[in-house]
Amino acid sequence: MLIAAAIAAAAFGAAVLVGRDGGADPTHPPVSGSPTHAGPRFVDLLGIGVNLGHSVTVLSDGSILIVGGRNKDDTGDLVNAIRFEPASGSISPVGDVPAPVAFHTATVLGDGNVLIVGGDVAAVFDPSTNVFTKVGDPLVPRKGHSAVLLANSTVLVAGGSSLGRFATSAEVYDPSVRQFRTAAPLSAPAPRPSLVAAGDGALLVTGDRIERYSPGSDTFTLVDVTLPASGPTVVRISEGLVLLTGGLSSEVLDRSGTVRASDLVALLDLTTGSIRTLGKMTTPRFLHTATLLEDGLVLITGGDSDSHRDETLASAELVDVSNGHATRVEDMAQARSAHQAVALSGGRAGIFGSASVSAEHPAEVFVR
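What counts, and at which threshold
- Residues numbered from 1 in each chain as written.
- Predicted model: local features only at pLDDT ≥ 70, side-chain atom pairs only at ≥ 80, totals over all residues.
- Heavy atoms only, no water.
- Helix = DSSP H or I, 4+ residues; strand = E, 2+ residues; numbered from the N terminus.
- Buried < 20%, exposed > 50% of the residue type's maximum accessible area, 1.4 Å probe, protein only.
- Contact = heavy atoms within 4.5 Å.
- Areas by Shrake-Rupley, 256 points an atom, 1.4 Å probe, with all protein chains shown as cover.
- Pairing = 2+ DSSP bridges.
- pLDDT = per-residue confidence, 0-100.

Caption draft 1: Spotlight on the overall build of the chain. Across its full length, the chain holds one helix and 33 strands. In the chain, buried positions account for 52% of the 368 residues. Contacts in the chain between residues far apart in sequence, at least 24 positions, make up 48% of those at least 6 positions apart. Accessible surface, the chain: about 15,200 Å² in total, of which carbon and sulfur atoms supply 53%.

Caption draft 2: How the structure looks around the pairing of strand 3 (residues 55-58). Bridge count for strand 3 against strand 4 (residues 64-67) is four bridges, and the pairing is antiparallel. Opposite V56, over in strand 4, you have I66 as the bridge partner. Counting the residues in the hairpin turn of strand 3 and strand 4 gives five residues, including G62, whose phi is positive at 90°.

Caption draft 3: Geometry of the confidence of the model for the chain. Put simply, the chain has an average pLDDT of 87, and 86% of its residues get 70 or more. Predicted confidence is poor over residues 1-13, with pLDDT under 50, and the contacts of this stretch with residues over four places away or in other chains come to twelve contacts. Counting contacts from residues 24-37, a segment whose pLDDT is below 50, to residues more than four positions away or on other chains yields 38 contacts.

Written out as structure tokens, the structure reads:
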């Protein structure tokens, strides 16, 4: 019944929130209004087909753009995109991306348009027309990279993998001419990097290092700080602070080289580059999401517990950035890793896809 309801909802252009008992959630519309019973929880969001490698972007009007990703058989990338309206639950297909994309980036530009960069294609999505327009090709084809809007309205794109190797290259997209130009290289390859805006430039966090990008001199400079774990999940808290959670510790568990996940909770000061440990998560994890909610708490979802074993997590917790205290909340309907999460109105969050996602639980909404 749940799958049938999801198919019907998609066909009629609407998403449906379904409670854990299989009944319609009483808080419908899906992402507006107040919950009817207390306690943070996750509610299934049916009718949205997501798998892995897609991008999820909140547009200026509060709607959500979901682009590309891998197909259900994991045999190819997708060109399709949808627009989800959280207030009403409606789903609308939009124009296709000019070429299939997965593990790409989606960056909201200063004018509200969205830049998609992945593989050897780049396109700009116009929310007023729901159309993707191809722009100048990226100088380096890449996946699994990161991108960030700089203060001068250009977009820095860096790291990831290119032609089977982890990349040290970076480039800058200029929306005024819709072209890319070469930027200074990183000091080392950057698998799964995270870029966050810092002043007029950006900080890149990857592996066990941090690099600062300065657009004036077009240089990356290593920040003299030691990360307490490798590859933490990064979320910007304010103009001057970034929260680091999880990652991989230096502890090797067995002869296979399996490494334990970290329970790190730390603050990175963007001005000084210094790191201050706040506390610990309730569960060590990496490849999880960290989402800043409207009330200032950070929602942590899913991830993996170590680097080799198949131990993907369904657990979730809330981190109070003021004191580093972490509180366990209800588990998600399914374990998720390498998924996507975005903050929604009303202190809620949307959780989309996973490295292995079931038809019954493609997406969820965290409600409080």
